[in-house]
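Inside the fold
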Amino acid sequence: MKTLIVSLVLTTLATSPAFAISHSYRDKLEKSGCTQVEDAAGTCGNHQAVSDSQTIIKHYDGLKIIWKINESVTVDGKPAVVIESGGYGATWQQGIYKIITYKNHKIAVMKNDQFAGYAK
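Computed from a predicted structure; not experimentally measured.

1. Some details on the overall build of the protein chain
Within the protein chain one finds 3 helices and 9 strands. Along the protein chain, from the amino end to the carboxyl end, the secondary structure elements read α-α-α-β-β-β-β-β-β-β-β-β. Pairs at least 24 apart in sequence give 20% of the contacts found in the protein chain among residues at least 6 apart. Here the protein chain has roughly 8,500 Å² of accessible surface; of this, 56% comes from carbon and sulfur atoms.

2. What to know about the pattern of salt bridges
Summed over the entire model, instances satisfying the criterion amount to 1 salt bridge. A salt bridge links Lys98 to Asp113; the nearest nitrogen and oxygen atoms lie 2.8 Å apart. One end of the pair, Lys98, is in strand β7 (residues 97-102); the other, Asp113, is in the loop between β8 (107-111) and β9 (114-118), and 15 residues separate them in sequence.

3. A short note on the nonpolar core
Judged by nonpolar contacts, the single largest core of 15 residues is most densely connected at Ile65, Trp67, Val73, Trp92, Ile99, Ile107 and Val109. Of all the secondary structure elements, the ones that give two or more residues to this core are β2 (63-68), β3 (72-75), β6 (89-94), β7 and β8. When residues no more than four places from it in sequence are discounted, the contact partners of Ile65 are Ile56, Ile57, Lys58, Val73, Thr74, Ile99, Ile107, Val109 and Ala119.

4. Structural notes on the sheet that holds β7
Across a sheet, paired strands are connected by hydrogen bonds in the backbone, their directions being either parallel or antiparallel. Here 5 strands make up an open sheet; going across it, the order is β5-β6-β7-β8-β9 and the pairing antiparallel. Looking at strand neighbours, the two that pair on one side only are β5 (81-85) and β9, the edges of this open sheet. Ignoring strand direction, the axes of neighbouring strands in this sheet form an average angle of 25°.

5. Side note on the sheet that holds strand β4 (residues 78-79)
With antiparallel pairing, the 4 strands of this open sheet are ordered in space as β1-β2-β3-β4. Only two strands of the sheet have a single partner each, and these edge strands are β1 (55-60) and β4. As judged from the 2 bridges shared by β3 and β4, these two strands associate in the antiparallel manner. Bridge pairing in β4 places Val75 opposite Lys78.

6. Regarding the side chain of Lys58
Looking at where Lys58 falls in the secondary structure, it is placed in strand β1. Only 3.3 Å separates the side chain of Lys58 from the backbone oxygen of His105, close enough to count as a polar contact. Setting aside anything within four residues of it in sequence, one finds Lys58 in contact with Leu63, Lys64, Ile65, His105, Lys106, Ile107, Ala119 and Lys120.

7. What to know about the pairing of β3
The pairing of β2 with β3 spans 4 bridges and is classified as antiparallel. Residue pairing across strands places Ile65 opposite Val75, the latter belonging to β3. Where β2 folds back onto β3 in an antiparallel hairpin, the turn is made up of 3 residues, including Asn70, whose phi is positive at roughly 60°. Following β3, the chain reverses through 2 residues before pairing antiparallel with β4; Asp76 in that reversal takes a positive phi of roughly 50°.

Reading the values: the criteria
Residues numbered from 1 in each chain as written. Predicted model: local features only at pLDDT ≥ 70, side-chain atom pairs only at ≥ 80, totals over all residues. Heavy atoms only, no water. Helix = DSSP H or I, 4+ residues; strand = E, 2+ residues; numbered from the N terminus. Contact = heavy atoms within 4.5 Å. Areas by Shrake-Rupley, 256 points an atom, 1.4 Å probe, with all protein chains shown as cover. Salt bridge = Lys/Arg side-chain N within 4 Å of Asp/Glu carboxyl O. Core = buried A, V, L, I, M, F, W, Y, C linked by side-chain atoms within 4.5 Å. Buried < 20%, exposed > 50% of the residue type's maximum accessible area, 1.4 Å probe, protein only. Pairing = 2+ DSSP bridges. Axes fitted to C-alpha atoms, helices over the stretch in contact; angles between N-to-C directions. Polar contact = N/O pair within 3.5 Å; in protein donor to acceptor, adjacent residues only side chain to side chain.

Structure follows, in structure tokens:
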């Protein structure tokens, strides 16, 4: 009888789903734009909280990229045009550059259709 109970308990534990993080912690990370590693390292506070009406200014390889959230992107003062948008964010084009703006407020830069890096 004891063996049966122990087997039942072990089977139940082995088959129940294991969650690495709670739903509330996952939501907190999504809102902050941080990763678990950044949060654990204490560098999560370095992310700036951005509302939907703010402007983000970043640089990449001498380019000045100004992103007015939900409005526009300029590259060195020249306006970019939206060429694609979706669940991730949007892709903008200005000359040979494509600027990808993500919902977590990261900005990727492509030059001549090749990934160049992230603006900082």
